[in-house]
Amino acid sequence: MSRPTIAQALREGAARIQAAHKAYADAGSSPGLDAQLLLSKATGRSRSGLFAWSDRVLDEAEEAEFEQLLARRAAGEPVAHLVGSREFWSLPLVVSPATLIPRPDTECLVEQALALGLSSSARVLDLGTGSGAIALALATEQRGWDITATDSSEEALRLARINCLNLNLTRVRLCQSDWFDGIGDERFDLIVSNPPYIAVDDPHLHQGDLRYEPSSALVSGHDGLADLRRIIAESPQHLDSGGWLLLEHGYDQAEAVADLLQKQGYTSIGLRRDYGGQPRVTQGQWVMQSPVARSCDQAGKS
């Protein structure tokens, strides 16, 4: 049997992935794009190169590797894990099963952080950085920002360090920390985080790419809000007056997150929707009262 051309391989690969993912009800899959990325990996050619040489016949090694990658993708493995990278904010990031795969909707958090109009020397903290996606996107856009990125996972920090080096963004400081535990008494102008926010019994954990990602980066208590509660409760100790907290959360958690921020004393609470129109990022501003203002408030309540 003759070996397929690039065009035939792409067509047949996409059909195979689509059939498999219908069985998994993986609505987030893009069979055509998946096939392009996998064939690009197997041939060593860019996606544009695949189309430029669509009539070229695959050699034996390329066909064999593509077949292996297709089989693994059809079984449900994420494309990002199969090719070892994922683009985020136009940055090629190395990824692994040790961290959350960066999603396009998280770019909304980056956009919102940049829209705050912070000074060119702002101090920024990225909590739970994973592959470093948020911190590195911000560092690319704001070269003067002093950015610290933390994660409790040594493997995640190793991956973030690789991405820092690959992108020549070594000024981003990486720190192992369970949320704020390793930060000491440092304060920042902006704290951003895409923490775990899925409930432990959420059925989505058994669908799509989530099946292959670390539960520690996904699951947060019985209602998905455990880590968000902790971050909101502890963040005022690490924000300068006028500083901002930006949090990514589930599409159905915006009201709960806004309520938590309000009860903690945050003001200027606002919501940003993702590219699909779902509530995705909530922000709040921390404004510390002066001792005189606090004493007046207390006197007024007595």
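The paragraphs below set out a description of the structure included in this document. (Residues numbered from 1 in each chain as written. Predicted model: local features only at pLDDT ≥ 70, side-chain atom pairs only at ≥ 80, totals over all residues. Heavy atoms only, no water.)

## Notes on the pattern of salt bridges
Now for step 1: This structure, assessed with the given rule, holds 15 salt bridges.
Now for step 2: In this structure, D223 engages R229 in a salt bridge whose closest nitrogen and oxygen atoms are separated by 2.5 Å.
Now for step 3: Salt bridges here are not isolated pairs; linked through shared partners, they connect R123, D146, R173 and E186. (Salt bridge = Lys/Arg side-chain N within 4 Å of Asp/Glu carboxyl O.)

## Quick notes on helix 8 (residues 154-166)
Now for step 1: With 13 residues, helix 8 extends 18 Å from end C-alpha to end C-alpha; this agrees with the ideal 18 Å at 1.5 Å per step.
Now for step 2: Buried residues in helix 8 make contact with strand 2 (91-94), helix 7 (133-141), strand 4 (146-151) and strand 5 (173-176). (Helix = DSSP H or I, 4+ residues; strand = E, 2+ residues; numbered from the N terminus. Expected span 1.5 Å × (residues − 1). Contact = heavy atoms within 4.5 Å.)

## Brief notes about the nonpolar core
Now for step 1: Core analysis: the largest hydrophobic core is formed by 28 residues, its most contacted members being L138, I147, V172, L190, V192 and L246.
Now for step 2: Going through the elements one at a time, strand 2, helix 6 (107-114), helix 7, strand 4, strand 6 (188-193) and strand 7 (239-248) are the ones with two or more residues in this core.
Now for step 3: Top contributing element to this core by residue count: helix 7, with seven residues.
Now for step 4: If sequence neighbours within four positions are ignored, V172 has contacts with A135, L136, A139, I147, A149 and C164.
Now for step 5: Core analysis: the next-biggest nonpolar cluster, separate from the first, contains 23 residues, L127, I183, I231 and L245 among them. (Core = buried A, V, L, I, M, F, W, Y, C linked by side-chain atoms within 4.5 Å. Buried < 20%, exposed > 50% of the residue type's maximum accessible area, 1.4 Å probe, protein only.)

## Thoughts on the environment of L239
Now for step 1: Position of L239 relative to the elements: it lies in strand 7.
Now for step 2: Take L239: its relative accessible area is 0%, and that puts it in the buried class.
Now for step 3: Residues L239 and E186, 53 residues apart in the sequence, show an inter-C-alpha distance of 8.3 Å.
Now for step 4: Contacts of L239, omitting those with residues within four sequence positions, involve R187, F188, D189, L190, I191, W244, L245, Y266, W286 and M288.

## A look at the pairing of strand 6
Now for step 1: Buried residues dominate strand 6, accounting for five of its six residues.
Now for step 2: Where strand 6 lies against strand 7, five bridges are found, and the strand directions are parallel. Bridging across to strand 7, S193 finds its partner in L247.
Now for step 3: Read from strand 6 through helix 9 (residues 226-234) to strand 7, the crossover connection turns out right-handed. (Pairing = 2+ DSSP bridges. Right-handed = clockwise from strand over helix to strand, strands pointing away.)

## Brief notes about the environment of V57
Now for step 1: Examined against the element boundaries, V57 turns out to sit in the loop between helix 3 (47-52) and helix 4 (60-74).
Now for step 2: Judged by its relative accessible area of 44%, V57 is partly exposed.
Now for step 3: Separated by 52 residues in sequence, V57 and T5 place their C-alpha atoms 4.0 Å apart.
Now for step 4: If we skip the residues at most four places from it in the chain, V57 touches R3, P4 and T5.

## Digging into unusual backbone geometry
Now for step 1: At S90, a residue that is not glycine, the phi angle is positive and equals roughly 65°.
Now for step 2: Along the chain, the position of S90 falls in the loop between strand 1 (85-88) and strand 2.
Now for step 3: Overall, S90 belongs to the exposed group, its relative accessible area being 61%.

## Observations concerning the layout of surface pockets
Now for step 1: If you add up the space inside the second largest pocket, you get close to 190 Å³.
Now for step 2: Around the second largest pocket sit twelve residues that line it, and P4, E12, E63, F66 and E67 are the ones nearest its centre.
Now for step 3: Among the elements of the structure, helix 1 (6-24) and helix 4 are those that each provide at least two residues to the lining of the second largest pocket.
Now for step 4: Split into classes, the residues belonging to the lining of the second largest pocket amount to six nonpolar, two polar and four charged. (1 Å grid on protein atoms, 1.4 Å probe; cavity = no way out; pocket = protein on both sides within 12 Å on 5 of 7 lines; lining within 4 Å. Points joined across faces, edges and corners; volume = space filled by probe spheres on them. Nonpolar A, V, L, I, M, F, W, Y, C, P; charged D, E, K, R; others polar.)

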